[in-house]
Each structure stands twice: as C-alpha cells, then as structure tokens.
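So the chains spell out like this:
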Amino acid sequence: GIQVEQSPPDLILQEGANSTLRCNFSDSVNNLQWFHQNPWGQLINLFYIPSGTKQNGRLSATTVATERYSLLYISSSQTTDSGVYFCAVEKETSGSRLTFGEGTQLTVNP
Amino acid sequence: NAGVMQNPRHLVRRRGQEARLRCSPMKGHSHVYWYRQLPEEGLKFMVYLQKENIIDESGMPKERFSAEFPKEGPSILRIQQVVRGDSAAYFCASSPPSLKTQYFGPGTRLLVL
C-alpha cells in the first residue's frame, strides 16, 4: 500500500514562532487532506489539497504532487495550535480510503 | 448543517460483550467511512459504505466486526465478543458523492475492561 511519512514527529515551539510540517507519500494520489487532532481528540479538517497552495488565516499548505510531498505552514503559533497534525492521502487506485501518516505532535508553550 | 454525529461518545464494555457504534453522516452525504485509532497511533481505515452497500471492507478484521449503512437510519459498526485489544477511538467520516473531502465525526472511545 501507499506509505505516508510525516516529519518531524515532535515539535515544541514558543508562542509566536513559525513552523513547517512535512508529509511525504510514496505514490500518486488524488486526495490529500491535513487534519488537526486537538487535545480532546477531535479531528478538524484543515485543508483538502491534492495539489497547489491554499491559505486559511495563519495556516497555509502546499502540495507538489509530482514530487510527492506536502507542507503545512503555521505562522505566529498560539497555544491553541497544540495537538497532533495528520496528513492523509487517497491513492489514485485505492478507491476512497484515506491512509494516514503517524502525525506530528506539536506543543506550543506560552 | 450539522456535522457528522457519532454516539455514544464513550462506551465501556466487559470482555465478551457486544459494542454497537452509530454514525449519522452529514446531510446530503451518502458515503460513510470507519477508521480506528489505537492509543498513540494514527488512524487506520476499516470500511467504506454507501447506502445498503459495503464498497470496501479490506481494513476490517474478518471476525467479530461488521458494518452496515441501511437505507434509513445511521451507519452501525458492530463488534461482537469484544477483547481488550479492541479498546480504541473509532471515527466515522462522510463525504458527498461528488467530492473527495472526508469530514470526520468526534469519535467513539471504546474501553474494554
């Protein structure tokens, strides 16, 4: 099956800092989503971004499908950004199942 | 437009009992997916259903687990004779027929004693 690798596995920031999270995938995809799992366990949709660049407030994401990676940028981080960030992809030939990476655990300290 | 709803949010069962997890997709969504998240791990796909049809159940254990999405009512994930290793968070997601984006519910946390 398709492999999804996220880096770094853990990240600790001071409030106000910027960060970049990376997602590499091993095959062509027709769906890529970024999620934030907050400390209460809820999964929040951040971006649907199989290719190109999108921005939403302090968050932006870029996917370069030809090189099989995606980046999530968090600017001016806040303590509420803490949690686990997951990248999930749908392989072109896999039907509609999402394959998740292991996540990046982000801690933002005040 | 209400989001994906799951109930119960927390479920405690003793070994050997049955667990029934319910998922109501977003309005207008006819595709439902179930995922399992074991402690300290990412989510793993279990099953993909459309109304009255199982499309892909390749991620679901062959024994004790079953899923349905009837013409009326919520999707049900059923686990028979639960064991401690079934303790996990079970997430349901839904999507409309025309879009790829999957929207996730709040999850059901199953604890098997």
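Residues numbered from 1 in each chain as written. Chains lettered and ligands numbered in written order. Predicted model: local features only at pLDDT ≥ 70, side-chain atom pairs only at ≥ 80, totals over all residues. Heavy atoms only, no water.

A look at the sheet that holds strand β6 (residues 52–56) of chain A
Adjacent strands of a sheet form backbone hydrogen bonds with each other and so pair up, either parallel or antiparallel.
All names here are of chain A.
Logical step 1: Strand order across the open sheet formed by five strands is β1-β3-β8-β7-β6, with antiparallel pairing between neighbours. Only two strands of the sheet have a single partner each, and these edge strands are β1 (4–7) and β6. Taken over all neighbouring pairs, the strand axes of this sheet differ in orientation by 15° on average, direction set aside.
Logical step 2: With six bridges connecting them, strand β3 (residues 19–25) and strand β8 (residues 69–74) associate as antiparallel partners. (Pairing = 2+ DSSP bridges. Helix = DSSP H or I, 4+ residues; strand = E, 2+ residues; numbered from the N terminus. Axes fitted to C-alpha atoms, helices over the stretch in contact; angles between N-to-C directions.)

As for the interface of chain B and chain A
Logical step 1: With 21 residues of chain B at the contact, the number on the chain A side is 20 residues.
Logical step 2: Approximately 1,600 Å² of surface area, both sides summed, lies buried where chain B meets chain A, with 47% of it carried by carbon and sulfur atoms.
Logical step 3: Among the residues chain B hides against chain A, the three largest losses belong to L43, K100 and F104 of chain B. Together they make up 33% of the total.
Logical step 4: Inspection of the chain B/chain A interface yields two salt bridges.
Logical step 5: A salt bridge links D56 of chain B to R97 of chain A; its shortest N-O distance comes to 3.7 Å.
Logical step 6: Counting every contact that joins chain B to chain A gives six residue pairs in polar contact (both at pLDDT 80 or more).
Logical step 7: Elements with a contribution of two residues or more to the side of chain B that touches chain A: β4 (31–37), β5 (43–50) and β10 (103–104) of chain B.
Logical step 8: When residues of the side of chain B that touches chain A are assigned to their parent elements, the largest contribution, four residues, is made by β5 of chain B.
Logical step 9: When grouped by side-chain class, the residues that make up the side of chain B that touches chain A number nine nonpolar, six polar and six charged. (Contact = heavy atoms within 4.5 Å. Buried area = accessible area lost by both parts, 1.4 Å probe. Salt bridge = Lys/Arg side-chain N within 4 Å of Asp/Glu carboxyl O. Polar contact = N/O pair within 3.5 Å; in protein donor to acceptor, adjacent residues only side chain to side chain. Nonpolar A, V, L, I, M, F, W, Y, C, P; charged D, E, K, R; others polar.)

Coordinates in, geometry out; function isn't part of it.
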